[in-house]
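# Secondary and tertiary structure notes
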Amino acid sequence: MTAIVEAKSVSKSYGGVHALRDVTFTAHRGQVNVVVGENGAGKSTLMKILSGAEQPTSGEILLDGEPVVLASPRDAQARGIGIIHQELSLFPNLSIAENMFAGRELRRGRRFVDAARQKHKAGEVLARLGQHGLDPRKDVGELPIGQQQLVEIGRALLEDVRVLIMDEPTSALSNHEVDVLFEVMADLRRQDVTVIYISHKLDEFRRIGDWVTVLRDGRLVAHESMSRTDTAWIVRQMVGRDPDSLYVRNGSPVGETLLAVRGLTVPGTVPVHDVSLTVRAGEVVGIYGLMGAGRTELVECLMGMRRAAAGQVLVRGRAEDKGTVQSRMAAGLALVPEDRQRDGLVQTMSVRDNILLATVARFTRAGLLSGGAEQRAAEAKVRELAIRSPGLAAGVTALSGGNQQKVVLARALLTEPVVLLLDEPTRGIDVGAKAQIAALMAELAARGFGVLFISSELAEVIAMADRVLVMARGRITAEFTADTVTEEALVSASASESVLEALP
Amino acid sequence: MTDTHVREASTAAAPEPGAPRGRALARAALLLLRGRTLVVLVILILFFGAVSSEYLTQSNLILMTKHVAINAILAIGVTFVILTGGIDLSVGSIAGLASMVAGGLLFKGLGVPGGTVFFSAAVVIVIGIAVGALVGAVNGIVITRFKVAPFIATLGMLYVARGLAQLHSNGGTYPDLAGTPARGNTGFHFIGVDSVLGIPVAVWIMILVAIAAIVVTTRTPFGRRIFAVGGNERAAILAGIRVNRIKIAVYVISGACAALAGLLLTSELGAAYPDTATTYELNAIAAAVLGGTALSGGRGTIIGTVMGAFVIGFLSDGLVLVGVSTFWQSVVKGAVIVFAVITEQAQQRLQSGLARRTA
């Protein structure tokens, strides 16, 4: 078994944050090398280094046993290392052939694009990917997402790629498309192409992978031949020991049912099918699942941002059928969104105005805003949530991620909700802020709120939730209590094939 | 939270030489940039005052301010729209349409079965403004309900409203708006011609509109929501703001302001013709931009817009007074507007740079 790419004692730090610590990684030639780890484990950083997008702080890269410096993605490409990012980087308005040759067009003479030769070459590559019938002149925007993924792979193959890095390529694919992709990967392996494959989906990569490497907190914790592992072992390596230390367990007594959802169905590209759930006072309920499982769509529908096709939402026993953001807010729901830059913050406004945004009408005297009352209300929330800011009048963008999240949380709390919905509340914030947000959630539950939160992190959801619901492909596939939940159970429920087969 | 301390400590440990002075300089530059419209206005006044002896006379200042009033009122309305991240290209045409509706009512009355009805000048003014508000509401509904981009929707309305203005008189002019005592419709000249306490009524109206607009934008929940919609529409929706209502409201305000400006212009001229206020939308948008309103929405002030209108007005009239050709006036005006946006961006950069250093 020969190594083609090796990272030797590679470390990478951004400012004071260590993204990678002394990682020695080997990709075996002509094999599918799977890299797994939770969010923030360092997978993407390692891949950026191997593809030339980032330089290691220390350590070296070996290619065919020779030390190399991959100064740029172009440099890496020239040495036969290609990468396919999770987010597709295609031009939907251009044809397949034009996409494959974007930025490196074949020329006729100096100025003119040789469209005929491009089309011919693109056709060859498509055939290599098993897409014999696909016309390279077709616009990429018209293709299903799976074929778009293949176009992206085709683009890498055109460069005579020897090592192909794929960063969660299946997150947006249907099961059939995943099968096609895996056939392509098996073909590539036969053609002596080395694949480095990043994934969250245990059931999937176990089918295709030859080697598995586990990263955790920037360190390489395991490297093993896939045949000598099982799912439970991999999960144990990913999660590590004792995640509870970081999170506060809610232990408050459970009261009346505050939120009841019955048979909620939401149409859309990521649909929600027939979801029922309850959240009681003093309870922290987690929803675990993979990207695209419909979790965000579910809470957005609960908050009135999406229309339900069927089903009922009851808050404190009363049906709330109007389904607008205003009516759901008045009923007692509040949502802290997943993407706070996109859905949470008004970047042009101050910290104070952001905190008061949803409740500004309360701080008026004779129809005019009362600066004093606004100031006092905002100050109270800043103290309560320990928000660190240069001042209430400062722009909200001057705050750190964790404090911005608290601003959005403060705004939600000011609406006096009974059930707080939090979509990935700890995403993109540092560990200290994470622990604070977790503590706040437990505290809110202790004060009698119902808390429903979405998380993609096994450790987090297991450590924080009294009850965990698992969503897969728009349905709730399993429910666990804090006593019965295990990583293995969550992972298998989140990738449940039985759900898929149950679909019409 | 701990990193705040760390950063403070590190800056204290290794102070850059001259950093405090650099920072003070940046602060001063920021202050100058923030007040740049005023600075430019003062420079304009000093310059033209030095070049022309007539420029700073009381009568010329009053005349120029009166010119400013009409554009300022249009621009205030447009500022509401731009603050939400929209644009209103139809205000000039709405002014023209309101002018023709009012002119028609004063000149030939309203034909009803059994005769012709004449309304008092005050009622005509109210009707004229209502027409503007109505057209604005149509803009708002097309934009929110049918999801047409504001640029396109109001560009369409620019043509539609102008066409309606021309249809109103079949292209002709209503030449006499004085009214007769017998019809009880005299007095339309009051708003555009008369003065109170030596200051034209039009200027008083501008002051009232500006004060009202300042109160609405800075002191009411509605105003706060306007900024929120322009700053981040999705966040505004999630905060329970009825974004569509806010948007319709700002186009109504813009239409009403446009109509009011059209009526002032008509009153001043003493006649209503369908081409009234053609291309005025550009001056209005220019005033708002000059006054620091960001076309991307969420940032801007009414007082800045008024100041912008003053700069444009005082610049144009000054150039006329000095005898610069109208062609050059156009060139200068355009250059000033682009320069204003460049300085706006410099201000934003400096501001966020300072904020980062303070944080």
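Structure: see above.
The structure presented is a predicted model; accordingly, all values stated were derived computationally and were not measured.

This part is about helix H13 (residues 371-384) of chain A. Here H13 of chain A is 14 residues long and its end C-alpha atoms lie 20 Å apart, about the 20 Å a rise of 1.5 Å per residue gives. Among the residues of H13 of chain A, Glu-374, Ala-377, Ala-378, Lys-381 and Val-382 of chain A are the ones counted as buried. Along H13 of chain A, the residues classed as buried sweep out an arc of 135 degrees about the axis, all on the same side. Of the exposed residues in H13 of chain A, the ones pointing more than 90 degrees away from its buried face are Arg-376 and Arg-383 of chain A. Those residues of H13 of chain A hidden inside the fold are in contact with helix H12 (351-356), strand S20 (368-369) and helix H14 (401-414) of chain A together with helix H10 (221-231) of chain B. Just beyond H13 of chain A, the residue with positive phi is Ala-386 of chain A, at close to 50 degrees.

Residues and elements named next belong to chain B. Taken together, the side chains of Phe-190, Val-196, Leu-197, Ile-199, Trp-204, Ile-207, Ile-211 and Val-215 present a nonpolar region at the surface, about 670 Å² in accessible area. Considering each element in turn, the nonpolar patch owes the most residues, four residues, to helix H9 (residues 201-219). Relative to the helices and strands, Ile-207 is located in helix H9.

Before going further, it helps to spend a moment on the sheet that holds strand S10 (residues 194-198) of chain A. Strand pairing in a sheet takes place through backbone hydrogen bonds and is either antiparallel or parallel in direction. Residue and element names in this part refer to chain A. Pairing is mixed across the open sheet formed by six strands, whose spatial order is S6-S9-S10-S3-S11-S12. Each of the sheet's edge strands pairs with one partner strand only, and the pair in question is strand S6 (81-84) and strand S12 (219-225). Across the sheet, the axes of successive neighbouring strands diverge by a mean angle of 15 degrees, strand direction being ignored. Here six bridges tie strand S11 (residues 211-216) to S12, and the two strands are oriented antiparallel to one another. Paired with Val-214 across the bridge in S12 is Ala-222.

On to unusual backbone geometry. The general pattern is negative phi for most residues beyond glycine and trans for most peptide bonds. Residues and elements named next belong to chain B. Notably, Lys-147 is not glycine yet its phi reads approximately 55 degrees, a positive angle. Residue Lys-147 is classed as exposed on the basis of its relative accessible area, which comes to 65%. Of note in this structure, Asn-170 is not a glycine but carries a positive phi near 55 degrees. By the secondary structure assignment, Asn-170 is in the loop between helix H7 (150-169) and helix H8 (189-192). Accessibility expressed as a relative area gives 70% for Asn-170, which makes it exposed.

What counts and what doesn't
- Residues numbered from 1 in each chain as written.
- Chains lettered and ligands numbered in written order.
- Predicted model: local features only at pLDDT ≥ 70, side-chain atom pairs only at ≥ 80, totals over all residues.
- Heavy atoms only, no water.
- Helix = DSSP H or I, 4+ residues; strand = E, 2+ residues; numbered from the N terminus.
- Expected span 1.5 Å × (residues − 1).
- Buried < 20%, exposed > 50% of the residue type's maximum accessible area, 1.4 Å probe, protein only.
- Arc of directions from axis to C-beta.
- Contact = heavy atoms within 4.5 Å.
- Patch = residues over 30% accessible without salt bridge, like charges linked within 9 Å, V, L, I, M, F, W, Y side chains within 5 Å.
- Areas by Shrake-Rupley, 256 points an atom, 1.4 Å probe, with all protein chains shown as cover.
- Salt bridge = Lys/Arg side-chain N within 4 Å of Asp/Glu carboxyl O.
- Pairing = 2+ DSSP bridges.
- Axes fitted to C-alpha atoms, helices over the stretch in contact; angles between N-to-C directions.

Remember, this is a structural readout, not a statement about activity or role.
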